[in-house]
Amino acid sequence: MTTAQQSASATPLADQAPSDFNGDGTSDILWHNTSGDTAIWYSASTGGFTPVDLGVVPTSWIPQATGDFNLDGKSDILWRNTNGDVAEWLANGTNGGAGFTKIDLGNVDASWAIQGTGDFNGDGTSDILWQNTNGDNAIWFSVSTGGYSPVDLGFVDPSWSVQQIGDFNGDGKSDIWWRNANGEIGEWISNGGYGPNAFTKLDLGNVNNQWVTQGTGDFNGDHTSDLLWRDKLTGDTAIWFMTSTGGYTPVDLGVVDLSWTIAGVGDYNADGRADILWRNASGELGEWLSTNTPGFTGFNKIVLTNVSTDWSIVGSNPPVAPSAGASPAAMAHAMAAMGAHSAAPVPQNAVAPPAAVHPMLATPRLATA
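Residues numbered from 1 in each chain as written. Predicted model: local features only at pLDDT ≥ 70, side-chain atom pairs only at ≥ 80, totals over all residues. Heavy atoms only, no water.

A. Broad picture of the side chain of R179. Looking at where R179 falls in the secondary structure, it is placed in strand β13 (residues 175-180). Buried and unpaired, R179 has no salt bridge, with E184 as the nearest side chain of opposite charge at 8.4 Å. Polar side-chain contacts of R179 include one of 3.2 Å to the backbone oxygen of G183. Polar contacts involving the side chain of R179 include one to the main-chain carbonyl oxygen of W211, which spans 2.9 Å. Here R179 is in contact with S159, W160, S161, Q163, E184, I185, V207, N208, N209, W211, V212 and W229, once residues within four sequence places are set aside. (Helix = DSSP H or I, 4+ residues; strand = E, 2+ residues; numbered from the N terminus. Buried < 20%, exposed > 50% of the residue type's maximum accessible area, 1.4 Å probe, protein only. Lys, Arg positive; Asp, Glu negative; His and termini not counted. Salt bridge = Lys/Arg side-chain N within 4 Å of Asp/Glu carboxyl O. Polar contact = N/O pair within 3.5 Å; in protein donor to acceptor, adjacent residues only side chain to side chain. Contact = heavy atoms within 4.5 Å.)

As structure tokens, then:
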């Protein structure tokens, strides 16, 4: 799951580089192996990556998302154990396994799943969005000094699922993008408050389920998060450029062979615009780097290297693709199905993952699309 995060800098929320573990302004790539080995590729703004191994973590622990949970301008890693335990690795800005402080956040019932992270109240720290199998939703609001304040958002019919998190209106707070099983799309725009009324709920119309969202990022430099889509049957790819006043402008990027899937969105060259990370079924890795010009004029395409398929990128979408769809929909009625109801989510008691050793490497080439 691709996630928006706020750092201690004055950089607009939508412009900040997700998964920036060393605070240099570029997005890094977090890898996890089927054996439990974990590694980071630290991006260089001039191109290329420096791979650093973080050691082996028991396979019962699965990395869930990244975010800046302590307001130090560096991304941290959120983990979940199959027994329900939750933990965070707080980055201290240095390379290697010693670069993280590991903290136990307690045990949460397995009926609750982490949906992603974002700064929903605009305080500069990343919060955690949860959803229960019964349709209840909650946020853990991060406190920069440590810990969380859990707030229930009420029940949403299970036919609706959380798709993406981003700052879709450029106000410095993360919003939630929803999808109904029937193809209907909605946004919850954060008003910075707490509880069931913390969001303004908007309907964006219906998009054919053939199209699937792949991530969010500011591709045109207007300080709002845009939405990346792909058609899972044809490979067609597109962006919805969101506007701060509501609505969007869809732009088609063309068809990409279905052997390529979108593995992530981030700013891999520190130019302030979102780029797209691609992964081939063969393990080959490529980047589409946004051109640094006013507005949106496309991407420069680069193939980086081949990585064994037992390594996966944390935050990858399933091997399904997305893009813009139906007509520009009117944001008319608040979604009745997304009503508010009170309950109480909940957390407490965990065990942090350990460490060990094993490295990865990378080099570049040229891509096709």
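B. Looking closely at the sheet that holds strand β1 (residues 29-33). Spatially, the four strands line up as an open sheet ordered β3-β2-β1-β24, and their pairing is antiparallel. The two strands at the open ends of the sheet, each matched to only one other strand, are β3 (49-56) and β24 (311-313). For this sheet, the mean angle separating the axes of adjacent strands, direction not counted, is 25 degrees. Here β1 pairs with strand β2 (residues 37-43) via four bridges, running antiparallel. Opposite L30, over in β2, you have I40 as the bridge partner. (Pairing = 2+ DSSP bridges. Axes fitted to C-alpha atoms, helices over the stretch in contact; angles between N-to-C directions.)

C. Inspection of the pairing of strand β22 (residues 284-290) at higher detail. In terms of burial, β22 is a largely internal element, seven of the seven residues being buried. Alternating residues of β22 divide into E284, G286, W288 and S290 and L285, E287 and L289, and every residue in both groups is buried. Across four bridges, the pairing between strand β21 (residues 275-280) and β22 is antiparallel. Counterpart to L277 in the pairing with β22 is E287.

D. Examining the packing of aromatic side chains more closely. In this structure the tally under the stated criterion is 22 aromatic pairs. Geometrically, the ring pair formed by F21 and F100 is edge-to-face, given 6.2 Å between the ring centres and 65 degrees between the ring planes. With F21 in the segment before β1 and F100 in strand β7 (residues 100-107), this pair connects stretches of sequence that are 79 residues apart. Comparing F21 with F100 shows no difference in burial state: the two are buried. Note on W229 and W240: the rings are 4.8 Å apart at their centroids and 50 degrees apart in plane angle, and the pair reads as tilted. In this pair, W229 sits in strand β17 (residues 226-231) while W240 sits in strand β18 (residues 236-242), placing the two residues eleven residues apart along the sequence. Here the two residues W229 and W240 agree in accessibility, since each one is buried. Among the aromatic side chains, those forming a connected cluster through ring pairs are F219, F241, W278, W288, F296 and F299. (Phe/Tyr/Trp six-rings, centres within 6.5 Å; stacked < 30°, edge-to-face > 60°.)

Spatial relationships are all this shows, so hold off on functional conclusions.
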